[in-house]
Amino acid sequence: MSLDGPGDADTRVVRIYQALREAVVDGRLAAGDRVPATRDLAGQLGVARGTVTSAYDRLTAEGFLESRPGSGTYVADVVLGAARPTRRRARAGAVRPLSLWDVDPGPAATRNRRLHDLSIGLPDPGLFPLETWRRLVSTQLRRSRLEEATYGGRGSWRLQHEIARMLGLSRSVVASADDVVVTAGAQQAIDLVARVLVAPRTVVAVEDPGYAAVHRLLETHRAAVRGVPVDEEGLVVDALPPEARLVYVTPSHQFPTGVTLSMARRTALLRWAAEHDAVIVEDDYDSEYRYSQQPLEPLQSLDRDGRVVYVGTFSKSLLPALRTGYLVPPRSLTPALREAKRVTTWEGDLTTQGALAEFLAEGHHAAHVRRATRVYRERRAVVLDALSRLDEVLDVVPSVAGLHVCTTFRDAGADDRAVVRRAAARGVRVEALSDRYRDQPSRPGISIGFAGIDVAEIPDAMGRLQEAVLGSAGV
Ligand SMILES: Cc1ncc(COP(=O)(O)O)c(C=O)c1O
């Protein structure tokens, strides 16, 4: 309640009266709520106590308030007719977001604990070296370190340095610490790129099938998102819309099919970007886990023209919960991207960044990836072995990295969503490939995450999946 502005005592009484009356009428004050004591409210508002008392008297006379001797003044149980909004309705809110954000929250997500969870994209949290992490985080939680965290925009320089070192050693990504922008995961990295490069109706080409979370993000920046087909060599460069200014790709392990972008396509894509003055966003989200000697050099290391923004994340190599990723942009974009980061999240979470820098420096990240790769290699092999028993129905899409494998049905008319439902009924969670398409004609298939399931459980899970698949194929 504000009593700003000129006015005599009578005007002030009327303002207090009206403010309280409105609060009762629109439900902000409900029957039975206690209103402040006259002395307290007068003190808060800087008016004479008698002014408040006069307003309360009027409200009491009109039946909005009731005085309970020895206890205080309360909102009366006023009957205001059927149209009276309730407090609940007030909380539900009468205002709407822009139509772009008008989303249906849908039913609350439920996790069936009895399921064998073969969802894609989830590393095994049980492998994460929690004790080491706890030690490193607690080292960060010192007053002096917390006081260092100010409203800057760079984040941890030491983490930038360690990421540059890791990328140079393991991914032949050419970067110094100054080239690395630390973000809250790949999703924020791509959000920053969109802030800097996408205007309303900017055409952005994406792989189709592809990663819907990024497509949706780009749409919220009002990009015109166009799905481009993917074949056994990855993105079909010849099918790129010439007006695209940005191309979002997952070259090492295409999401979700798993194919690797061939060398011929890599060269063609870089050439295409140069000819069309476009930027390539390379999302290298899970290639730390490699199961072949085949080199998987990032596009960034082949880029001679400064067109590739390299994006990485610790969500797969460690855990999605850390919410830490990074960008390595061409230097022409670095200042803008740092500024985009500063205006959205300032430094980011310096405790996690500091702990992660030590984690990398002490060699725990490399050791963890080596150990987890051994575990995932075995799980992957057991899944592939089980899939080989379904080779009359399903083809496995060749892939060399990551945490999932994708299959396609030989029968292009198969109903993969029905298989997913049938699998769920048998206690197995998998994904339909057709759910990952947006503009291109969809192909039916099943994507299977192998990282989050214990190897001993895989035969049972795959046996159930086999029943679900064979049921749909009519075999
Ligand atoms: C293609 C792709 N990129 C990136 C990510 C990771 O995003 P973030 O780092 O925001 O967790 C995922 C996670 O599933 C993904 O599938």
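Residues numbered from 1 in each chain as written. Predicted model: local features only at pLDDT ≥ 70, side-chain atom pairs only at ≥ 80, totals over all residues. Heavy atoms only, no water.

Draft legend 1. Molecular detail of the pairing of strand S13 (residues 404-409). With 6 of 6 residues buried, S13 lies mostly within the body of the structure. Neither face of S13 is left uncovered, since the one carrying His404, Cys406 and Thr408 and the one carrying Val405, Thr407 and Phe409 both have all their residues buried. Pairing geometry for S13 and strand S16 (residues 445-449), over 5 bridges, is antiparallel. In the strand pairing of S16, Thr408 is matched with Gly445. (Buried < 20%, exposed > 50% of the residue type's maximum accessible area, 1.4 Å probe, protein only. Helix = DSSP H or I, 4+ residues; strand = E, 2+ residues; numbered from the N terminus. Pairing = 2+ DSSP bridges.)

Draft legend 2. Region of interest: the site of the ligand. Residues in close proximity to the ligand include Gly185, Ala186, Gln187, Tyr211, Tyr248, Phe255, Asp283, Tyr285, Thr313, Ser315, Lys316 and Arg323, which together make up its full environment. Interatomic distance of 2.6 Å between a side-chain N/O atom of Asp283 and a nitrogen atom of the ligand. In this structure, Arg323 approaches the ligand through a side-chain N or O atom, which is 2.8 Å from an oxygen atom. About the coverage of the ligand: the protein hides 91% of its 400 Å² of free accessible area. It is helix H8 (residues 185-197) that provides the largest number of residues to the shell around the ligand, a total of 3 residues. Here the shell around the ligand is built from residues that sort into 5 nonpolar, 4 polar and 3 charged. (Near = heavy atom within 4 Å. Polar contact = N/O pair within 3.5 Å; in protein donor to acceptor, adjacent residues only side chain to side chain. Areas by Shrake-Rupley, 256 points an atom, 1.4 Å probe, with all protein chains shown as cover. Nonpolar A, V, L, I, M, F, W, Y, C, P; charged D, E, K, R; others polar.)

Draft legend 3. Here's a closer look at helix H5 (residues 130-140). Of all the positions in H5, only Thr132, Trp133, Leu136, Val137 and Gln140 are classed as buried. The buried residues of H5 occupy an angular sector of 130° when the element is viewed end-on, so they sit on one face. Where H5 is buried, its residues touch helix H6 (143-148), helix H13 (350-361) and helix H14 (364-388). (Arc of directions from axis to C-beta. Contact = heavy atoms within 4.5 Å.)

Draft legend 4. Region of interest: the environment of Leu217. Inspection of the secondary structure assignment puts Leu217 in helix H9 (residues 212-220). On a C-alpha basis, the gap between Leu217 and Leu261 in space is 23 Å, while along the polypeptide they are 44 residues apart. If we skip the residues at most four places from it in the chain, Leu217 touches Gln187, Ile190 and Asp191.

Draft legend 5. Looking closely at the packing of aromatic side chains. Enumeration according to the criterion identifies 9 aromatic pairs in this entry. With a centroid separation of 5.9 Å and 75° between ring planes, the pair formed by Phe255 and Tyr285 is classed as edge-to-face. Taken together, the residues span a long stretch of sequence, with Phe255 in the loop between strand S8 (246-249) and helix H10 (263-276) and Tyr285 in the loop between strand S9 (279-283) and helix H11 (299-302) at a distance of 30 residues. Assessed through its relative accessible area of 8%, Phe255 is described here as buried. An angle of 80° between the planes, with centres 5.1 Å apart, marks the rings of Tyr289 and Tyr376 as edge-to-face. A residue pair is termed long-range when its members are at least 10 positions apart, and Tyr289 in the loop between S9 and H11 and Tyr376 in helix H14 qualify at 87 residues. On the basis of relative accessible area, Tyr289 is assigned to the buried category, the value being 0%. Directly above the ring of Tyr17 sits Arg58, whose terminal nitrogen or CZ lies 3.8 Å from the centroid. The cationic tip of Arg68 hangs over the ring face of Tyr74; the distance from NZ or CZ to the ring centre is 3.9 Å. (Phe/Tyr/Trp six-rings, centres within 6.5 Å; stacked < 30°, edge-to-face > 60°. Lys NZ or Arg CZ within 6 Å of the ring centre and 35° of its normal.)

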